[in-house]
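What the coordinates show
These are the residues of each chain, in order.
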Amino acid sequence: MHGLEFDVAHLLAGSLVLASFMLLYQDRLYALLNVYALHAFVLALSVAWQAFVQHAPHLYITASIALIFKAIVIPVALHRIIVKLGIHREIETALSVGLTMIGGIGLVALSMVVMLRVTPGADALAREDLAFALSVVLLGLLIMVTRRNAVSQVVGFMSLENGLVLAATAAKGMPLVVEISVAFSVLIAFIVIGIFLFRIRERFDSVDIGALDRFRGESGYDV
Amino acid sequence: MTFDALTALLLIPVVAAAILALLPDYRVSAALNLLAALFTLVTATSLFVVQPVSGQYLLVDDLNKVFIVLTTFVGFTTSVFSASYIGHEIEVGRLTPAFVRFYHAMYQTLMFAMNLALVANNIGLMWVAVEVATLTTVLMVGIYRTHEALEAAWKYFILGSVGIALALFGTILVYMAARPVIGEGTDAMVWTVLVARAAQFDPALLNVAFVFLLLGYGTKVGLAPLHAWLPDAHAEGPTPISAVLSGLLLNVALYALLRFKMIMAACEGAIAPGPLMVVMGLISVIFAALMLYRRRDIKRMFAYSSIEHMGIIVFAFGMGGALANFAGLLHMTLHSLTKSAIFFAVGHIAQVKGTQKIADIGGLTVTNPVLGWGLVLGVVAIVGLPPLGIFMSEFLIVSSTFARQPWLTAILVLGILIALGGLFMRLNVVAFGEPKGLTKPAEASYIPMFTHLALVLMAGIYLPPALVAGFSNVAKLLG
């Protein structure tokens, strides 16, 4: 596990973290979806490389799921949804970019410290991938909490799941059941989300989650 | 795979779900739903007679038998309640037949997912099952399509998915910890193998894994501060689903947590998971107890009470030891029975009164005596007054932990007392106050509610020795 094999794997996993950072500061939905497609594409490359390095042909399936489904089908479908909803021009102002980026850097540092410290026994590739994967998961969470828009929250969640796939492939020899289930869950999740986005739109004329809060049963001012 | 009770346990709900998805008439499908739940219950009970052989993917042992029987029993009684509840919803037009068809299919899918999570021997499979259970309940919570229901479903979906994602990360880390010892492949995800070899695992990695699992599955258990989805999901979905969520799904997530706790306990150098669980349990108890005072929606109020009780149960399992584990198991069982009985009552009350707002409900013991007194009995049970069963399980938890951690136990007792005050304050108005709201007679099925309450009463007076022996055996397993 030296030389080129390690370096490429490292590069790809690192690029995934970088793509997560790019997701953090996108304030237009179109751009956000494009970066998400890039995110999934990098994931597909990374998984394919792992398949090659580990001589694990079943990982090629995971890679193609990531490529076809996550990098192409979902972004295209979401594009269409936001055009239909007429929110593709919306600009989202959540937390300031600077603050979010600093928060993101802090999370990456945290995951490096935690994962590298607890896995001295594992092989170098697995431990670095795991550290990167945790970074992607935490950055996905950060995206979800800093966004108000349902579509961007969904993108945050999907980037989080990409991090999980990276972790699952890094764990050498992990049975296929997990990869399939992750892909499967994204599929169902997406259907559910699709239904919900339309329903929310139907009810509120907006996909701003803030609009939902007003209908809380107990918010005090709405009875 | 040979055909045995284990296969049947999973197959019956799946087949039923497929048929129910095609049946247009809601009366027939409600009956079929009930029948399928009954068959599943019978199959589950047969596990005590003939124990099927466990394999790489499925497992039956003393621990999950208790959970399976409880799950299928409450699943069955809820299906009885659901039949009359749904009939009323169709009458008043809150649900259309198409939605009811979907509802019944989802009900059986949920039963399947919960059974699968309970019998899974593979930690990956268990995760998948919990995920399926989450998604089906999300769909059912949003079934009324009101503003509130959509918000509740969305919130539940997002928070549940994040929780489930963290749990998967924890599961992957457990695999990573097991791989150097057990080797690559499926074996390193089989729970029985994991427990047997856990002593050699890397403790540091296992520690991190458990933190993720606790946060992940803890979200599903509804532990504060990860509980935000729970009150909304309980309040806005159909009431049978509130009963199943509180009575069963929270238990299933707790069960997953207990399985991982056993792995942690088998590994010498790993941190003790107990203190983490005790702290989260206590936070949940105190927080939920205080929240009970400001509730204005009756289903939401009992949802907070569920958070409180899950806190008590997690506290008991966190303290550990044979007696506390026994008390925790007993409390979990009785809470499931009592809370679902309360939701059965509340469901009919909300239908009679046409509202869930506490301010619009009053004098139930006068207007609808059977429902009103049923609710009173349920609340008396849930706050832990003698001679009902929960008094005994709470007493056991307190007395078994007081000698070890007097201060922590004092906090627990304080929480229980605060909750008692909050619930009685509301009950006083709802059950005995001025009659308010509509006063039409209820077309209710009282059997499920009173069956549960009778069982809870019986447990408070006399516990069959066989049950005590079985629970103590499981308590020893839990360590």
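Since the model is a prediction, treat every value here as computed from it, not as a measurement.

Observations concerning the overall build of chain A
The number of helices and strands found in chain A is eight helices and zero strands. Every one of the 223 residues in chain A was classed for burial, and the buried ones make up 45%.

Describing the overall build of chain B
Check the secondary structure of chain B and you find 19 helices and zero strands. A compact globule built from 479 residues would reach a C-alpha radius of gyration of about 23 Å, and chain B, at 21 Å, matches this within 12%. The principal-axis extent of the C-alpha atoms belonging to chain B is close to 65 × 55 × 45 Å. For chain B, the residues scored as buried account for 62% of the 479 residues in total. Long-range contacts, defined as pairs at least 24 residues apart, comprise 82% of the intrachain contacts of chain B with a sequence gap of at least 6.

A closer look at the nonpolar core
All names here are of chain B. Judged by nonpolar contacts, the single largest core of 255 residues is most densely connected at Ala-117, Ala-129 and Val-252. When residues of this core are assigned to their parent elements, the largest contribution, 24 residues, is made by helix H6 (residues 147-182). Filtering out sequence-adjacent residues up to four positions away, Val-252 remains in contact with Met-114, Ala-117, Leu-118, Val-130 and Ala-133.

Re helix H18 (residues 447-461) of chain B
Residues and elements named next belong to chain B. In a regular helix each residue adds 1.5 Å, so 15 residues correspond to 21 Å; H18 covers 21 Å between its end C-alpha atoms and thus fits that length. Where H18 is concerned, the buried positions are Pro-448, Met-449, His-452, Leu-453, Val-456 and Ala-459. One side of H18 holds all its buried residues, which, seen down the axis, span an arc of 125°. Structurally, H18 contributes buried residues whose contacts are with helix H3 (62-91), helix H13 (322-353), helix H15 (369-382) and helix H16 (389-402).

What to know about the environment of Ala168(A)
Residues and elements named next belong to chain A. Relative to the assigned elements, Ala-168 resides in helix H6 (residues 150-170). For Ala-168, a count of 27 C-beta atoms within 10 Å translates into the label buried. As for Ala-168 and Leu-16, which are separated by 152 residues in sequence, their C-alpha atoms are 15 Å apart.

Considerations on the packing of helix H1 (residues 5-22) of chain B against helix H2 (residues 26-46) of chain B
If you want to describe how two helices pack, look at the angle between their axes and the distance between the axes. Residues and elements named next belong to chain B. One can describe the packing of H1 onto H2 by two numbers: an axis separation of 9 Å at closest approach and a directional angle of 175°. Of the possible angle classes, the one that applies to H1 and H2 is roughly antiparallel. On H2, the residues that touch Ala-5, Ala-8, Leu-9, Ile-12, Pro-13, Ala-16, Ile-19 and Leu-20 of H1 are Ser-29, Leu-32, Asn-33, Ala-36, Phe-39, Thr-40, Thr-43, Ala-44 and Ser-46. Of the residues belonging to the contact of H1 with H2, the class tally is twelve nonpolar, five polar and no charged.

Things to note about helix H4 (residues 97-119) of chain B
Taking 1.5 Å per residue, 23 residues should reach 33 Å; H4(B) reaches 33 Å between its end C-alpha atoms and fits that length. Counted residue by residue, H4(B) has 18 buried out of 23 residues, so it is predominantly covered.

Brief notes about the environment of Ile271(B)
By the element assignment, Ile271(B) lies in the loop between helix H10 (239-266) and helix H11 (273-291). According to the C-beta neighbour criterion, Ile271(B) is partly exposed, with 15 such atoms within 10 Å.

Section: unusual backbone geometry
Each neighbour pair has its own omega, and for Ala224(B) with Pro225(B) the value is 0°, a cis peptide bond. Assignment of secondary structure puts Pro225(B) in the loop between helix H8 (203-221) and helix H9 (229-236). Phi angles above zero are rare outside glycine, and His55(A) is one such case at about 50°. Structurally, the position occupied by His55(A) is in the loop between helix H2 (29-54) and helix H3 (58-85).

Side note on the packing of H3(B) against H18(B)
Residues and elements named next belong to chain B. Contact pair H3 / H18: the axes reach a minimum separation of 8 Å and the direction vectors enclose 150°. The orientation of H3 with respect to H18, classified from their angle, is roughly antiparallel. Where H3 approaches H18, its residues Thr-77, Val-80 and Phe-81 are matched on the opposing element by Ile-447, Pro-448, Thr-451 and His-452. Looking at the contact of H3 with H18, its residues break down into four nonpolar, three polar and no charged.

Section: the environment of Ser284(B)
All names here are of chain B. Among the secondary structure elements, Ser-284 is positioned in helix H11. Here Ser-284 falls in the buried class, since 30 other C-beta atoms lie within 10 Å of it. Taking C-alpha positions, Ser-284 is 14 Å from Trp-229, a pair spaced 55 residues apart along the chain. Residues within four places of Ser-284 in sequence aside, it is in contact with Leu-223, Ala-224, His-227, Ile-307, Glu-308, Met-310 and Gly-311.

Details of the confidence of the model for chain B
All names here are of chain B. On average, residues of chain B score 90 in pLDDT, and 99% of them are at 70 or above. Mean pLDDT values for the elements of chain B range from 86 in helix H14 (residues 364-367) up to 94 in helix H12 (residues 298-319). Predicted as a complex, the structure gets a pTM of 0.91 and an ipTM equal to 0.86.

Digging into the confidence of the model for chain A
When pLDDT is averaged across chain A, the result is 79; 74% of the residues are at 70 or more. Counting interchain partners and residues more than four positions distant, the pLDDT-below-50 stretch residues 217-223 of chain A has twelve contacts.

Definitions and limits used
- Residues numbered from 1 in each chain as written.
- Chains lettered and ligands numbered in written order.
- Predicted model: local features only at pLDDT ≥ 70, side-chain atom pairs only at ≥ 80, totals over all residues.
- Helix = DSSP H or I, 4+ residues; strand = E, 2+ residues; numbered from the N terminus.
- Buried ≥ 20, exposed ≤ 12 C-beta atoms within 10 Å, placed from the backbone.
- Rg over C-alpha atoms; globule rule 2.2 N^0.38 Å.
- Contact = placed C-beta atoms within 7 Å.
- Core = buried A, V, L, I, M, F, W, Y, C linked by C-beta atoms within 7 Å.
- Expected span 1.5 Å × (residues − 1).
- Arc of directions from axis to C-beta.
- Axes fitted to C-alpha atoms, helices over the stretch in contact; angles between N-to-C directions.
- Parallel < 35°, antiparallel > 145°, perpendicular 65-115°, else oblique.
- Nonpolar A, V, L, I, M, F, W, Y, C, P; charged D, E, K, R; others polar.
- pLDDT = per-residue confidence, 0-100.

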